[in-house]
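The residues making up each chain are set out below.
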Amino acid sequence: MPTTSKLETFGPVIATGPMEQLRLDPLIRNQAQRVHSALRIAILDGLLPSGTALPSSRALSRQIGIGRNTIVAAYELLVSDGLAEARHGSGTFVAPVPPLQANINVTPVIEPRSPAGPKKPFALGQPRVEPALLNRLAAASRRRISDADPFDLGYGDPRGSLHLRRQIAAALAIDRGLRCDPDCIVIVSGTQHGLRLCMDALVEPGDRVWMEEPGYAAARTTLLASGAVPVPINVDEEGLDIRAGRQRAPDAKAAYVTPSHQFPSGVRMSMSRRVELLDWAENASAWVLEDDYDSEFRYTGRPLTALAGLSSTRVIYLGTFAKTLFPALRIGYVVVPPDVLGRVLAARAAIDRFPPAFMQDALADLMSNGTVSAHLRRMRKQYRHSRDRIARILIEEAAGVLTPIVPEQGLHMIVRLASNLASDVGRKIRAEAGVEALLLSETQTVTTGIEAFVLGFSGFAPEVLSEAASSLARAARKLVE
Ligand SMILES: Cc1ncc(COP(=O)(O)O)c(C=O)c1O
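Residues numbered from 1 in each chain as written. Predicted model: local features only at pLDDT ≥ 70, side-chain atom pairs only at ≥ 80, totals over all residues. Heavy atoms only, no water.

Trainee: It is not clear to me how the site of the ligand should be interpreted in this structure. Could you clarify?
Mentor: Neighbouring residues of the ligand: Gly190, Thr191, Gln192, Tyr216, Tyr256, Phe263, Asp291, Tyr293, Thr320, Ala322, Lys323 and Arg330. Separating a nitrogen atom of the ligand from a side-chain N or O atom of aspartate 291 is a distance of 2.6 Å. Within the side chain of threonine 320, a nitrogen or oxygen atom sits 2.7 Å from an oxygen atom of the ligand. For the ligand, whose accessible area on its own is 400 Å², the fraction buried by protein is 93%. Among the residues forming the shell around the ligand, the class breakdown is five nonpolar, four polar and three charged. (Near = heavy atom within 4 Å. Polar contact = N/O pair within 3.5 Å; in protein donor to acceptor, adjacent residues only side chain to side chain. Areas by Shrake-Rupley, 256 points an atom, 1.4 Å probe, with all protein chains shown as cover. Nonpolar A, V, L, I, M, F, W, Y, C, P; charged D, E, K, R; others polar.)

Trainee: Help me out: how do you make sense of the sheet that holds strand β9 (residues 315–320) in this one?
Mentor: Paired through backbone hydrogen bonds, the strands of a sheet run either parallel or antiparallel to each other. Read across the sheet, eight strands follow the order β3-β10-β9-β8-β7-β4-β5-β6 without closing on themselves; strand pairing throughout is mixed. Two strands lie at the open edges of the sheet, namely β3 (185–188) and β6 (239–240), each paired on one side alone. Examined bridge by bridge, strand β5 (residues 229–236) and β6 share two bridges and lie antiparallel to one another. Across the sheet, residue aspartate 236 finds its bridge partner in β6, namely glycine 239. Strands in contact with helix α6 (residues 162–176) are β3, β9 and β10 (332–335); relative to β3, the strand with the most contacts, it is inclined by about 110 degrees. (Pairing = 2+ DSSP bridges. Helix = DSSP H or I, 4+ residues; strand = E, 2+ residues; numbered from the N terminus. Contact = heavy atoms within 4.5 Å. Axes fitted to C-alpha atoms, helices over the stretch in contact; angles between N-to-C directions.)

Trainee: Would you take a moment to explain the packing of aromatic side chains for this structure?
Mentor: For any pair of aromatic rings, geometry is given as the distance between the ring centres together with the angle between the planes. Applying the stated criterion across every chain yields a total of six aromatic pairs. Geometrically, the ring pair formed by tyrosine 216 and phenylalanine 263 is edge-to-face, given 5.6 Å between the ring centres and 75 degrees between the ring planes. Within this pair, whereas tyrosine 216 is found in the loop between β4 (208–213) and α8 (217–225), its partner phenylalanine 263 is found in the loop between β7 (254–257) and α10 (271–284), the two being separated by 47 residues in sequence. Residue classification places phenylalanine 263 among the buried positions, given a relative accessible area of 12%. Aromatic ring contacts, followed pair by pair, group Tyr216, Phe263 and Tyr293 into a single cluster. (Phe/Tyr/Trp six-rings, centres within 6.5 Å; stacked < 30°, edge-to-face > 60°. Buried < 20%, exposed > 50% of the residue type's maximum accessible area, 1.4 Å probe, protein only.)

Trainee: Mind showing me how you'd approach the pairing of β7 here?
Mentor: For a regular strand, side-chain orientation follows a simple rule: the groups alternate between the two sheet faces. Both faces of β7 are covered, namely the face carrying Ala254 and Tyr256 and the face carrying Ala255 and Val257. As paired strands, β4 and β7 are joined by three bridges and run parallel to one another. Of the residues in β7, the one forming a bridge with valine 209 is alanine 254. In this sheet, strand β8 (residues 287–291) lies alongside β7 in parallel orientation, the contact comprising four bridges. Note on β8: the bridge partner recorded for alanine 254 is tryptophan 287. For the segment spanning β7, α10 and β8, crossover handedness is right-handed. (Right-handed = clockwise from strand over helix to strand, strands pointing away.)

Trainee: Honestly, the domain arrangement of the chain in this entry has me stumped. Any pointers?
Mentor: Size of an interface, as often reported, equals the accessible area lost when the parts are brought together. Domain parsing of the chain yields domain 1 (6–94), domain 2 (157–356) and domain 3 (382–480). Here domain 2 and domain 3 have C-alpha centroids that lie 28 Å from each other. If you look at the interface, domain 2 gives 21 residues, while domain 3 gives 18 residues. Both faces considered, domain 2 and domain 3 share a buried interface measuring about 1700 Å² in area, 55% of it formed by carbon and sulfur atoms. Seen at the junction of domain 2 and domain 3, the total is one salt bridge. Put simply, domain 2 and domain 3 have 13 residue pairs in polar contact (both at pLDDT 80 or more) between them. Taken together, the residues of the side of domain 2 that touches domain 3 sort by class into eight nonpolar, seven polar and six charged. (Domains from an automatic or database assignment. Buried area = accessible area lost by both parts, 1.4 Å probe. Salt bridge = Lys/Arg side-chain N within 4 Å of Asp/Glu carboxyl O.)

Trainee: I would appreciate a short explanation of the packing of helix α2 (residues 31–44) against helix α4 (residues 68–81) in the present structure.
Mentor: Helix-helix packing is described using two parameters, namely the angle between the two axes and the distance between the axes. Remark: α2 packs on α4, axes separated minimally by 8 Å, with the N-to-C direction vectors making an angle of 45 degrees. The pairing of α2 with α4 is recorded here as oblique in orientation. For the pair α2 and α4, the sense of crossing is right-handed. Across the interface between the two elements, Gln31, Ala32, Gln33, Val35, His36, Leu39, Arg40 and Ile43 of α2 pack against Thr70, Ile71, Ala73, Ala74, Tyr75, Leu77, Leu78 and Asp81 of α4. (Parallel < 35°, antiparallel > 145°, perpendicular 65-115°, else oblique. Left-handed = near helix turned anticlockwise from the far one by under 90°.)

Trainee: Would you explain the pattern of salt bridges in this entry?
Mentor: Side-chain pairs of opposite charge can arise where the charged atoms are in close proximity. Under the defined criterion, the tally for this structure stands at 21 salt bridges. Between glutamate 213 and arginine 220 there is a salt bridge, with the nearest N and O atoms lying 3.9 Å from each other. Per residue, the accessibility class of glutamate 213 equals that of arginine 220, and both read buried. Between glutamate 442 and arginine 430 there is a salt bridge whose closest N-O contact spans 2.8 Å. A residue pair is termed long-range when its members are at least 10 positions apart, and glutamate 442 in the loop between β13 (438–439) and β14 (452–456) and arginine 430 in helix α15 (residues 425–433) qualify at twelve residues. Assessed through its relative accessible area of 30%, glutamate 442 is described here as partly exposed. Judged by its relative accessible area of 18%, arginine 430 falls in the buried class.

Trainee: Please explain the packing of helix α5 (residues 131–146) against helix α13 (residues 357–368) as it appears in this structure.
Mentor: For the pair α5 and α13, the least separation of the axes is 8 Å and the interaxial angle reads 125 degrees. Between α5 and α13, the crossing angle belongs to the class labelled oblique. The hand of the α5/α13 crossing is right-handed. Within the contact between the two elements, α5 uses Leu133, Arg136, Leu137, Ala140, Ser141, Arg144 and Ile145 and α13 uses Phe358, Met359, Asp361, Ala362, Leu363, Asp365 and Leu366.

Trainee: Is there a simple way to explain the sheet that holds β13 in this structure?
Mentor: Read across the sheet, four strands follow the order β11-β12-β14-β13 without closing on themselves; strand pairing throughout is antiparallel. The two strands at the open ends of the sheet, each matched to only one other strand, are β11 (402–405) and β13. Here β11 runs beside strand β12 (residues 412–417); their pairing, made up of four bridges, is antiparallel. Bridge pairing links leucine 402 to leucine 417 in β12.

Right, here's the structure in full:
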C-alpha cells in the first residue's frame, strides 16, 4: 500500500523557508520527477535565483516527508538539466540560468476570437453537443488510432482523408444539389483556413474582392490578411447588390458571399441575383467564394441549390463542421474547380497538410453510420423550438420596440430595434439585460443607422434562452419607453 507523505497531508506546497512557494504537481506520478519539476519551474521562473544553495537532501527530505533517495534523484535530474551544480563537499546550488520570465511577452498580439470565460445567451458559434455524440466520436477516433497502419501514420494525401471526402461528396449531392468529385474536395481546418488558402492560390496582393456589407468579420479579416482589398458591397432584401459591385469594383478578382443565409442579415440570395453574380464572375474571370456555413439547419422547405451546383468553374464552395458539430473540431472543406486544384494544393503544401487524420476518419465513420445525420435531426428540432420560443417572447413582451425576423435556417436570429433611437441604445439594452448579443452595427464597416441584435439560439437550453429573451425585452422596454 502506498505510504502517505507529509507532502500529501499538507497539500501541494513542498517546503517552508526560501522554497515555500514551490508547488508539486499531483499529476506527475513519479515522486523524484515531481520534486524535480517543482524545482525546475521555480528556477526558470526566477523564484530560486542562480547561486541559491538548495537544502541538503537530508533537510529537504525531513521537511517534506519524502525519502532522501528521492530528493537525491531529483537533484541529479536538475544537475543533468544544467539547472543546478553539485559542488563537492558544499552541496547543490542553482546554476546561472536566465529567468524565463524575462523572455516571455505576455501581451497577446491578436485578440482571441471570443472572449475567455463562460458564455452567456445569445452567444454565436455555440452549437449544442450531446455527451453521447462526443462518446461516439471518442470511440471512433480511439479505434482509428489503435487500428492505424504505417500508411495512416504518414503524410498522406494533401487533400485529406479520402474516406471523409467521399462522405462529404455524398452529403453535398443529396443536401445541396452539388455534384462533385471527392478528388476536388480539400479538407481544411475550417472555413477561414479554406478561404485563406484560396486567396493565397488565386488572388494577388492588392487585388480587390467584393465583401458583403454587413458581413462576417472573420472573412473580412482573412481577406485583409492575405493582402487583398475588400470592397464593401451592400446587401439588400435580395442578397448582394451585384449592380453596386459592378459599379464599385468591376475588376474585382473575387466575391465573398453567404448566399444561402447571409451573415448576419439572414437574407437568402434570390435566383436572379445568383444568375447575375455568376454572369459577372464568368465575364470578369473572377472567383465566387461561397461560404455555406449553416445550410444543414433548414427549418422550412428545401434550401436553394448551392451556387457551386450552378457553376462548377468559377465558384469555390466552403463548408464547415463548426455548426453541424462544434467549432473546436476544426474541420471544414473546400470544393475546388478542377482547373485550379493544383494551385490550391500548392498553397496548402506551403503552409500545412491537413487536420489530424484520425479525427477526419473518425468523423467520416460517424457520417457513414448515420450518427451525424441523426444528431442533425435532433438539433434541428431543438433549435427550431428555441427559435420559436424566443420570437414569441419578444413579440409578446417587447412589441413595438424589438421585432424578431424569424429565420428559415441557421442558428441566429435578427431582432430589429425600432428606428429613430439613439445610436448607443442597443449597447445599453445589451448591458442592462446581461446578455451576449452581437449588434448589427458591429458587423458593418459603413454606418446605416439601422440597428438590430444578432441573437444566437443554439448554445443554451430553451429555458435559459427564454429567460434571456425576457430580460432583453424588459431591458428594451425600460430603456426605450
Ligand atoms: C458566416 C460564417 N462562416 C463560417 C463560419 C465557420 O467558420 P470556421 O469553420 O472557420 O470555424 C461561421 C462560424 O461562426 C460563420 O458565422
